[in-house]
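Commentary on secondary and tertiary structure
As a plain string of letters, each chain reads:
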Amino acid sequence: MEREPSSPRATDRGLALLRVVAEHVEGISLANAARLVDLSPSTALRQLRALEAAGFAERNDTSGWRPGRELLRLARHLTSTTSLAQSAEVVLSDLAMLSGESCYLVERLNAVNAAYTAMADGTHAIRHVSWLGRTVPLAGTAAGSALSCILDLDGCAVATDAVEDGVTAVAAPVFGVQGDTIAAISVVGPSFRLLDERLTEVRALVATAAGRLSEAMGAPARAAEGSRLVRVAGTP
């Protein structure tokens, strides 16, 4: 008969199992969860049942395990104490320093429009003038594509001349605690500078910044890495 692990080891594995469940909001099978924390399925099942009793895990319709209501409640409570704009301030500042371009936080207003709700100025002498507080359409814009997760393979959306002639925008989605899209980060600059290799570099910077802000907002790891809810541009 299998013996229970010693108490410190059991606690460590139990916490690791809780993390695995928290990172798989869509659900994870018992076998995969056990494998990821190096437990036998029978031991993992006992610990999952304990988490279930406490409200930290629950079974989904496919016999997998996902975060329970109590775990989601605690996550929402923690993230609600920090506003999105406050969390974005440092991320946007760092992105503006690295890219040299003006950087924005974009939030959806409704099914049609979004708004630029926070920004950091670029460092170039010739740079994009502030769009802070401006409303833009979701359709046809980089920010709108990012908010709808219609992205290229690198997790970004790019649009040129969409809102203003001679302006290129690069955007990536920001995910929340439940893996849903809550905002986008966008770099906006003159098209003559955002070309070729420099555009590729800025795309990578934007994707990294969006992942960083997603993590700060409590997004599951897979969402923060940009791998969740992504629909490649041009596909149905």
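See the structure printed just above.
Rules of the game
Residues numbered from 1 in each chain as written. Predicted model: local features only at pLDDT ≥ 70, side-chain atom pairs only at ≥ 80, totals over all residues. Heavy atoms only, no water. Helix = DSSP H or I, 4+ residues; strand = E, 2+ residues; numbered from the N terminus. Buried < 20%, exposed > 50% of the residue type's maximum accessible area, 1.4 Å probe, protein only. Contact = heavy atoms within 4.5 Å. Pairing = 2+ DSSP bridges. Axes fitted to C-alpha atoms, helices over the stretch in contact; angles between N-to-C directions. Parallel < 35°, antiparallel > 145°, perpendicular 65-115°, else oblique. Left-handed = near helix turned anticlockwise from the far one by under 90°. Nonpolar A, V, L, I, M, F, W, Y, C, P; charged D, E, K, R; others polar. Polar contact = N/O pair within 3.5 Å; in protein donor to acceptor, adjacent residues only side chain to side chain.

Now for the overall build of the protein chain. Helix and strand counts for the protein chain stand at eight helices and 10 strands. A total of 236 residues make up the protein chain; the buried ones form 44% of that total. For the protein chain, contacts bridging at least 24 residues in sequence account for 57% of all contacts bridging at least 6.

A separate point is the sheet that holds strand E4 (residues 113-120). Spatial ordering of the open sheet is given by E5-E4-E3-E9-E8-E7, a layout of six strands whose pairing is antiparallel. The outermost strands of the open sheet, each flanked by one partner alone, are strand E5 (135-137) and strand E7 (157-160). Within this sheet the neighbouring strands show an average axis-to-axis angle of 35 degrees, counted without direction. Here nine bridges tie strand E8 (residues 167-175) to strand E9 (residues 181-190), and the two strands are oriented antiparallel to one another.

Attention now moves to the packing of helix H5 (residues 84-99) against helix H7 (residues 196-216). Contact geometry of H5 with H7 gives a least axis separation of 10 Å together with a crossing angle of 160 degrees. Viewed along their axes, H5 and H7 adopt a mutual orientation that is roughly antiparallel. Viewed along their axes, H5 and H7 form a crossing whose handedness is right-handed. Contacts from Leu84, Ser87, Ala88, Val90, Val91, Asp94, Leu95, Leu98 and Ser99 of H5 reach H7 at Arg198, Val202, Leu205, Val206, Ala209, Arg212 and Leu213. For the contact of H5 with H7, the residue count by class is 11 nonpolar, two polar and three charged.

The next subject is the pairing of E9. Of all 10 residues in E9, eight are buried, a share of seventy percent or more. When strand E3 (residues 102-108) meets E9, the two strands line up antiparallel, connected through five bridges. Residue pairing across strands places Val106 opposite Ala184, the latter belonging to E9.

The subject of this paragraph is unusual backbone geometry. One non-glycine residue, Asp38, lies in positive phi territory at about 60 degrees. As for its position among the elements, Asp38 is in the loop between helix H2 (30-36) and helix H3 (41-53). Positive phi is not limited to glycine here, since Asp161 has a value of about 60 degrees. The exposure class assigned to Asp161 is partly exposed, which follows from its relative accessible area of 40%.

If you trace the backbone, Thr168 turns up in strand E8. There is a polar contact of 3.0 Å between the side chain of Thr168 and the side chain of Thr160. A polar side-chain atom of Thr168 sits 2.8 Å from a polar atom in the side chain of Ser191. Among residues more than four places away in sequence, those in contact with Thr168 are Val158, Ala159, Thr160, Val187, Val188, Gly189, Ser191 and Leu194.

Relative to the helices and strands, Ser102 is located in strand E3. Using a relative accessible area of 0% as the deciding quantity, one classes Ser102 as buried. Taking the C-alpha atoms as reference points, Ser102 and Val188, 86 residues apart in sequence, are found 5.6 Å from one another. Once residues within four sequence positions are removed from consideration, Ser102 is found in contact with Met119, Ala120, Asp121, Gly122, Arg127, His128, Ser186, Val187 and Val188. Here Gly122 takes part through its backbone nitrogen, which lies 3.4 Å from a polar atom of the side chain of Ser102.

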